[in-house]
Amino acid sequence: MRGLGTRTILYQQNVASSLGLYNNDFISVDILREKGPTTAGELSKITGLATGSITALIDRLEKVGYVRRENDPNDRRRVIIVPQYEEKEEVINTYIPLHNAMVKLASSYTEEELALITQFLGKASTVLEDQIEHLSSTKRNKSMK
C-alpha cells in the first residue's frame, strides 16, 4: 500500500507539473472534484493550509479557469469555490492514457474480483481518512502546547 501511495503521489505531482500547477493547487482542485463546491474555510481545513494560502491558491486557480467563486445562496457572506478544471481539454487529455490503462487492467478481472477490489479500496480510503484525521488532531494538539 505504501508503494502504491508513493506512486500515486509521484503521478499526481507529474500531472500537476504537466498542467503548470503547484502540487497543492492540484491537490485542492482534486479535492473539490471529489467533494464538490465548498468554501475556502472548508478547503483550508481539509488541506491543512492557512486561509491566506488558500486565498492565494484560489486566486491562481481562478486565473487559469480551474475554479470559479460563487456567492453562497444560503449565506450571502460566504463564497463557494466551484471546480471547473475537468471541463478543460488539457485536463481531459492528461488523464486519457491513465483511464485507458486502468480500463485495460480492470478488464483482466472477473466481476466478482472487481467487486472485491472495489470493496477493499473503499474500505482502505476510509482507513486513510481516519488516519488523516488522527494525524491532524495530533498535530493540532502538539501546536497548542
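Note that the coordinates shown come from a computational prediction; the quantities given were computed from them, not determined experimentally.

About the criteria used
Residues numbered from 1 in each chain as written. Predicted model: local features only at pLDDT ≥ 70, side-chain atom pairs only at ≥ 80, totals over all residues. Heavy atoms only, no water. Helix = DSSP H or I, 4+ residues; strand = E, 2+ residues; numbered from the N terminus. Expected span 1.5 Å × (residues − 1). Bend = angle between axes of the 7 residues up to and from the residue. Patch = residues over 30% accessible without salt bridge, like charges linked within 9 Å, V, L, I, M, F, W, Y side chains within 5 Å. Areas by Shrake-Rupley, 256 points an atom, 1.4 Å probe, with all protein chains shown as cover. Salt bridge = Lys/Arg side-chain N within 4 Å of Asp/Glu carboxyl O. Buried < 20%, exposed > 50% of the residue type's maximum accessible area, 1.4 Å probe, protein only. Pairing = 2+ DSSP bridges. Core = buried A, V, L, I, M, F, W, Y, C linked by side-chain atoms within 4.5 Å. Contact = heavy atoms within 4.5 Å.

Thoughts on helix α5 (residues 89-106)
Point 1. Helix length check: α5 (18 residues) gives 25 Å between terminal C-alpha atoms against 26 Å at 1.5 Å per residue, within 8%.
Point 2. When the local axis directions of α5 are compared, the greatest deviation, roughly 35°, occurs at I96, which is followed within four positions by the proline P97.

Examining a nonpolar patch on the surface
Point 1. There is a patch of nonpolar side chains on the surface, built from M1, L4, Y11, L98, M102, L105, Y109, I117, F120 and L121 and spanning about 930 Å² of accessible area.
Point 2. Counting residues per element, the ones that place at least two in the nonpolar patch are α1 (2-18), α5 and α6 (111-144).
Point 3. With respect to the helices, strands and loops of the structure, L4 is situated in helix α1.
Point 4. Residue L4 is classed as exposed on the basis of its relative accessible area, which comes to 51%.

Digging into the pairing of strand β2 (residues 67-72)
Point 1. Examined bridge by bridge, β2 and strand β3 (residues 75-83) share six bridges and lie antiparallel to one another. When the sheet's bridge partners are listed, E70 is paired in β3 with I80.
Point 2. Counted between consecutive antiparallel strands, the loop separating β2 from β3 contains two residues.

What to know about the nonpolar core
Point 1. Counting 18 residues, the largest nonpolar core has L19, L21, F26, V29, L61, Y66 and V67 as the members making the most contacts within it.
Point 2. Those elements that provide at least two residues to this core are α1, α2 (23-35) and α4 (51-63).
Point 3. Setting aside anything within four residues of it in sequence, one finds V29 in contact with L61, Y66, V67 and Y85.

Just geometry here; none of it tells us what the structure is for.
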